[in-house]
2 protein chains.
Amino acid sequence: MTSTPTAGKAGRRRDPEKDAQILQATLDVLAETDYADVTIELVAARAGAGRHTIYRRWEGKDELILAAIACTDSADLGPDGLPDTGTLRSDLLALLDPNWMGGSERRLRILSSVSAMITRTPSAVDAVTKAIVDPSTAAYRFLIQRAVDRGEYALPHNLDALAQVIPSMAAYRAFFMQQVVDEEFMLSIIDGVVLAALREPSAANR
Amino acid sequence: MTSTPTAGKAGRRRDPEKDAQILQATLDVLAETDYADVTIELVAARAGAGRHTIYRRWEGKDELILAAIACTDSADLGPDGLPDTGTLRSDLLALLDPNWMGGSERRLRILSSVSAMITRTPSAVDAVTKAIVDPSTAAYRFLIQRAVDRGEYALPHNLDALAQVIPSMAAYRAFFMQQVVDEEFMLSIIDGVVLAALREPSAANR
DNA sequence: AGATTGCGGCACTGTGTAGTGCCGTATTAG
DNA sequence: CTAATACGGCACTACACAGTGCCGCAATCT
């Protein structure tokens with residue numbers, strides 16, 4: 001009711017810009033350091049805000065981080081943002097360049113930082129799942145499904161499992177092995193696992 | 001030189017049992033809570049030791065945790081500890097029962113807790129890689145290679161990539177999705193990804 | 001025995017950070 | 001105008017934990 005900006009109240013209005021700036025700053029810090037090292041002080045400084053401005057909007061640190069995760073930009077993982085090169089192999093590979101390095105590498109870092117939070121804050125699982133895990137899986141599922149639809153491959157035995165291969169293996173490598181997710185690695189997964197698990201359609205191809 | 005237990009020194013000897021008890025307690029706490037929540041106090045209490053006894057043996061918290069990781073028991077992942085049921089499928093599945101739930105689930109929790117440490121302590125990567133990541137991958141590589149050797153499957157295009165599939169996907173699921181790694185899930189990976197990516201050998205099989 | 005070191009328990013210091021209160025200033029409604 | 005609210009900056013409290021010193025006791029060497 002009174003949540004509209006133009007409520008019949010006196011006083012200065014909250015700057016809607018600030019919300020976005022603070023959430024972005026939170027994601028930045030989260031992408032750079034660990035969850036435990038994310039201090040409100042740091043976020044406030046990064047956002048050019050006072051701590052009060054943060055506490056006025058969110059209950060505490062956890063609420064802030066949850067809100068930030070929820071607004072992670074995953075637009076590039078929607079059907080419209082995905083590459084369409086003609087073959088599944090180059091589609092999957094295309095997802096690497098401006099995406100893994102621009103969008104998804106950031107997502108991966110955030111995912112990694114938030115992992116510490118996941119183990120103790122149950123609601124963090126939902127936030128991460130909705131904002132990061134599900135969109136990633138959905139993107140790969142979409143690409144594979146489209147390749148099947150166009151007759152490039154037969155419908156696999158378990159599409160959901162296959163769609164999780166790349167996000168899982170990329171996360172494992174970047175995260176636990178601290179090694180770069182580069183083209184060479186992606187190719188080894190794409191050719192050695194994903195495409196290897198797919199079969200040509202029953203009708204002869206090529 | 002003077003490192004042997006019977007050095008010509010006066011005074012009470014260090015209890016070698018204590019080292020093991022403290023490291024085990026560290027792993028226990030690490031498996032139950034997050035890295036940030038691992039307090040020396042907690043470890044000491046769990047080990048029935050005083051904090052001094054810990055600080056006398058290790059420089060600080062990080063050294064302690066690194067030492068604990070290094071002594072993670074991965075004997076069950078050596079060739080002698082692995083199942084040998086006759087088929088790759090049941091070998092992979094057999095690794096789930098007393099192993100994923102007994103040994104590897106614990107390893108997974110530890111892996112997850114330590115992830116926060118990985119991002120800031122470079123040496124943690126080595127410790128985790130040596131103690132947990134490499135042995136797991138090696139175990140799956142061994143099982144697949146053996147199946148190839150006995151003629152069950154042809155040598156895959158990329159054995160290393162395939163050997164990482166299960167640890168990666170299990171970690172991703174347990175860790176980021178906070179869902180159980182049960183038989184149903186394992187079967188979906190085994191049948192939907194790993195075995196799907198393997199081909200019968202050139203000579204007709206069965 | 002006497003000296004020396006290990007051990008558990010307690011108290012203490014130092015540090016870092018979440019969260020709050022206050023102040024001066026800016027914005028907006030009436 | 002005045003009142004009310006937002007904002008940045010600063011100071012302050014509360015708390016948790018790393019790391020250390022001290023005490024009394026136990027074990028082992030000469």
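The name recorded for chain A in an unreviewed UniProt entry is TetR/AcrR family transcriptional regulator, from Herbidospora galbida.

Description of the overall build of chain A
Across its full length, chain A holds nine helices and zero strands. Going from the N terminus to the C terminus, chain A shows its helices and strands as α-α-α-α-α-α-α-α-α. The principal-axis extent of the C-alpha atoms belonging to chain A is close to 75 × 40 × 30 Å. With 206 residues in all, chain A has 52% of them scored as buried. In chain A, the proportion of contacts linking residues at least 24 apart, taken out of those at least 6 apart, comes to 68%. Summed over all atoms, the accessible surface of chain A reaches about 10,000 Å², with 51% contributed by carbon and sulfur. For chain A, the centre of its 22 positive side-chain charges and the centre of its 28 negative side-chain charges are spaced 7 Å apart.

Remarks on the protein's contact with DNA strand C
Surveying the vicinity of DNA strand C reveals 28 residues, the closest of which are Arg13(A), Gly11(B), Arg12(B), Thr53(B) and Arg57(B). If you look at DNA strand C and keep only atoms within 4 Å of the protein, 65% of those are sugar or phosphate atoms. The contact in question runs from a base nitrogen of DNA strand C to an N or O atom on the side chain of Arg51(B), over 3.0 Å. Within the contact set of DNA strand C, a phosphate oxygen lies 2.3 Å away from a side-chain nitrogen or oxygen of Thr53(B). Every element with two or more residues in the surface near DNA strand C is listed here: helix 3 (51-55) of chain A together with helix 3 (51-55) of chain B. The residue inventory of the surface near DNA strand C, partitioned by class, reads six nonpolar, nine polar and 13 charged.

A short note on the UniProt feature "domain: HTH tetR-type" (unreviewed entry) in chain A
Listed under "domain: HTH tetR-type" (unreviewed entry) in the UniProt record, and renumbered for this structure, are residues 16-76 of chain A. Helix makes up 66% of residues 16-76 of chain A and strand 0%, with an end-to-end C-alpha separation of 24 Å.

As for the pattern of salt bridges
All names here are of chain B. A full pass over the atoms with the stated rule returns 29 salt bridges over all chains. A salt bridge links Arg-146 to Asp-91; its shortest N-O distance comes to 2.8 Å. Taken together, the residues Arg-146 in helix 7 (residues 122-149) and Asp-91 in helix 5 (residues 88-94) connect sequence positions 55 residues apart. Asp-91 carries the same exposure label as Arg-146, and that label is buried.

Observations regarding the relation of the copies chain A and chain B
Between the two copies, chain A and chain B, the superposition gives an RMSD of 0.1 Å; the rotation angle is 180° and the shift along the axis is 0.0 Å. One copy is carried onto the other by what is essentially a two-fold rotation axis. Within chain A, Ala197(A) has its C-alpha nearest the rotation axis, a separation of 1.9 Å. A symmetric contact is evident, with 97% of the interface residues of chain A recurring at the interface of chain B.

Rules behind the numbers
- Going along each chain's sequence as written, the residues are numbered from 1 onward.
- Note on labels: chains are lettered from A, ligands numbered from 1, in written order.
- Side-chain atom pairs in this predicted model are given and counted only at pLDDT of 80 or more, local residue features only at pLDDT of at least 70, and totals for whole chains, interfaces and linings cover all residues.
- Side-chain numbers come from the whole structure's heavy atoms, not from hydrogens or water.
- Put simply, DSSP marks the helices as runs of H or I at least four residues long and the strands as runs of E at least two long, and each gets a number from the N terminus on.
- Three labels apply to residues, based on accessible area from a 1.4 Å probe with only protein chains included: buried if under 20% of the type maximum, exposed if over 50%, partly exposed otherwise in between.
- Any two residues having at least one pair of non-hydrogen atoms within 4.5 Å are treated as being in contact.
- Throughout, the Shrake-Rupley method with a 1.4 Å probe supplies accessible areas, and for residues the shown protein chains are the sole cover considered.
- By the counting rule applied here, Lys and Arg register as positive and Asp and Glu as negative, while His and the ends of each chain are not counted.
- By convention, charge coordinates are those of NZ in Lys, CZ in Arg, CG in Asp, or CD in Glu.
- One heavy atom within 4 Å of a molecule or strand is enough for the residue carrying it to be called near that molecule or strand.
- Think of a polar contact as two N or O atoms within 3.5 Å of one another; within protein, one of them needs to be a possible hydrogen donor and the other a possible acceptor, and neighboring residues in sequence only count if both atoms come from side chains.
- Polar here means any residue outside two lists: the nonpolar Ala, Val, Leu, Ile, Met, Phe, Trp, Tyr, Cys and Pro, and the charged Asp, Glu, Lys and Arg; Gly therefore counts as polar.
- UniProt positions are given in the numbering used here, feature names are shortened, and annotations may be inferred rather than shown by experiment.
- Take a side-chain nitrogen of Lys or Arg and a carboxyl oxygen of Asp or Glu: if they are within 4 Å of each other, that pair is a salt bridge.
- All copies are superposed by least squares; the fitting set is the C-alpha atoms of residues with a pLDDT of at least 70 in both.

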